[in-house]
Amino acid sequence: MTRTVRRTRRPMQVAALGATALLALSACSSDDSSSAGSDSSASASASDKLSGTVTVFAAASLKESFETLGKQFEEAHPGTKVTFSFGGSDSLAASITGGAPADVFASASPKTMKIVTDAGDNSGTPATFVRNQLEIATLPGNPDKVDSLKDLTNSDLKVVLCDKEVPCGAAAQKALDASELKLTPVSYEQDVKAALTKVELKEADAAVVYKTDVNAAGDKVEGVDFPESADAINDYPITLLKDSENTEAAQAFIALVRSAEGQKVLTAAGFLKP
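Residues numbered from 1 in each chain as written. Predicted model: local features only at pLDDT ≥ 70, side-chain atom pairs only at ≥ 80, totals over all residues. Heavy atoms only, no water.

Moving on to the environment of phenylalanine 105. Structurally, phenylalanine 105 can be placed in strand S3 (residues 104–106). Residue phenylalanine 105 is classed as buried on the basis of its relative accessible area of 0%. With 50 residues separating them in the primary sequence, phenylalanine 105 and threonine 55 have C-alpha atoms 8.9 Å apart. Not counting the four nearest positions on each side in its chain, phenylalanine 105 is found in contact with Phe57, Ser89, Leu92, Ala93, Ile96, Thr112, Met113, Val116, Pro237, Ile238, Thr239 and Leu241. (Helix = DSSP H or I, 4+ residues; strand = E, 2+ residues; numbered from the N terminus. Buried < 20%, exposed > 50% of the residue type's maximum accessible area, 1.4 Å probe, protein only. Contact = heavy atoms within 4.5 Å.)

Right, dumping it as structure tokens:
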């Protein structure tokens, strides 16, 4: 500051030249800063591009809907790939807590999600994204005239249920208990798709499954509603997993599932809104 004060007695033209130089330097500095900012933005934008594989463990009843959403995700984010492992939610939860590598878990019930959260294998709080209701699947044309849950107690019928540890099986048992009905199935299956397949292959006369699975089977089975199902609706939670190796892409897939577009695919399959 002292040297600047002493130089104020120099001729005006020198001061003017100094001012001009300062302005030039300032302009250059501004241009460089702008350019750096522009490069920084481009770099940030490039780093935001999603890539790599997202591994999703999901309840068997989500198969058709999630495969559709997986394709949509890959189309929206070139360079990504979504792989799925579908099955009984309890088995999937056990695999996750056992160390199986996955990025996302979508369960068919809060109870099976709790297996993962209790083990601390989730990241963040699981969010319910859809709900699902039970329905009776019978042979095409319903030749055995099944009209109610009580009809399934007929000893002449071969009925299949999901295992009681699986969400669809737990929900079916809840409906039976509420109706004070006892049912002895010919088999308990490990997931809802396996139970439905028994009817599709005519190895069973009926099965208690989800509406969404009856819809997905098309004309291979016929669906029969029963009022007790309203008391046994399952919430489906989804969560990012703690050991995810592709967090950004996994979060983006979860966002798609919960988005209006994702909900459109899910409700078209027969799922209920959360």
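Now that the structure has been shown, the text picks up again.
This part covers the nonpolar core. The biggest cluster of nonpolar side chains holds 65 residues, and the ones touching the most others in it are Leu62, Phe66, Phe129, Leu152 and Tyr236. For this core, the element with the most residues is helix H9 (residues 247–258), which contributes six residues. Core analysis: the second largest hydrophobic core is formed by nine residues, Phe57, Leu92, Ile96 and Ala102 among them. (Core = buried A, V, L, I, M, F, W, Y, C linked by side-chain atoms within 4.5 Å.)

Before going further, it helps to spend a moment on the state of the cysteines. Evaluation of the coordinates by the stated rule reveals one disulfide. Note on cysteine connectivity: cysteine 162 is disulfide-linked to cysteine 168, with sulfurs 1.9 Å apart. Since a negative S-S torsion denotes a left-handed disulfide, the cysteine 162-cysteine 168 link at about -115 degrees is left-handed. Accessibility classification places cysteine 162 together with cysteine 168 in one group, the buried group. (Disulfide = S-S within 2.5 Å.)

In spatial order, the strands read S2-S1-S3-S10-S4; together these five strands make up an open sheet with mixed pairing. Both edges of this open sheet fall to strand S2 (80–87) and strand S4 (122–132), since each of them pairs with a single strand only. On average, each strand axis in the sheet is inclined to that of its neighbour by 20 degrees, with strand direction left out of account. Where S3 and strand S10 (residues 234–241) come together, three bridges link them in antiparallel fashion. Within S10, the position partnered with valine 104 by the bridge is leucine 240. Contacts from helix H4 (residues 89–97) reach strand S1 (52–59), S2, S3 and S10 within the one sheet, and its direction differs from that of S1 by about 135 degrees. (Pairing = 2+ DSSP bridges. Axes fitted to C-alpha atoms, helices over the stretch in contact; angles between N-to-C directions.)

Our focus in this paragraph is the pattern of salt bridges. Scanning the model with the defined rule gives eight salt bridges in all. The shortest N-O distance in the salt bridge between lysine 63 and glutamate 67 comes to 3.1 Å. Here lysine 63 pairs with glutamate 67, and both are found in helix H3 (residues 63–76), just four residues apart, close to one helical turn. Overall, lysine 63 belongs to the partly exposed group, its relative accessible area being 32%. Linking lysine 114 and aspartate 118 is a salt bridge whose minimum nitrogen-to-oxygen distance equals 2.8 Å. Residue lysine 114 and its partner aspartate 118 are located together in helix H5 (residues 110–118), separated by four residues, close to a single helical turn. (Salt bridge = Lys/Arg side-chain N within 4 Å of Asp/Glu carboxyl O.)

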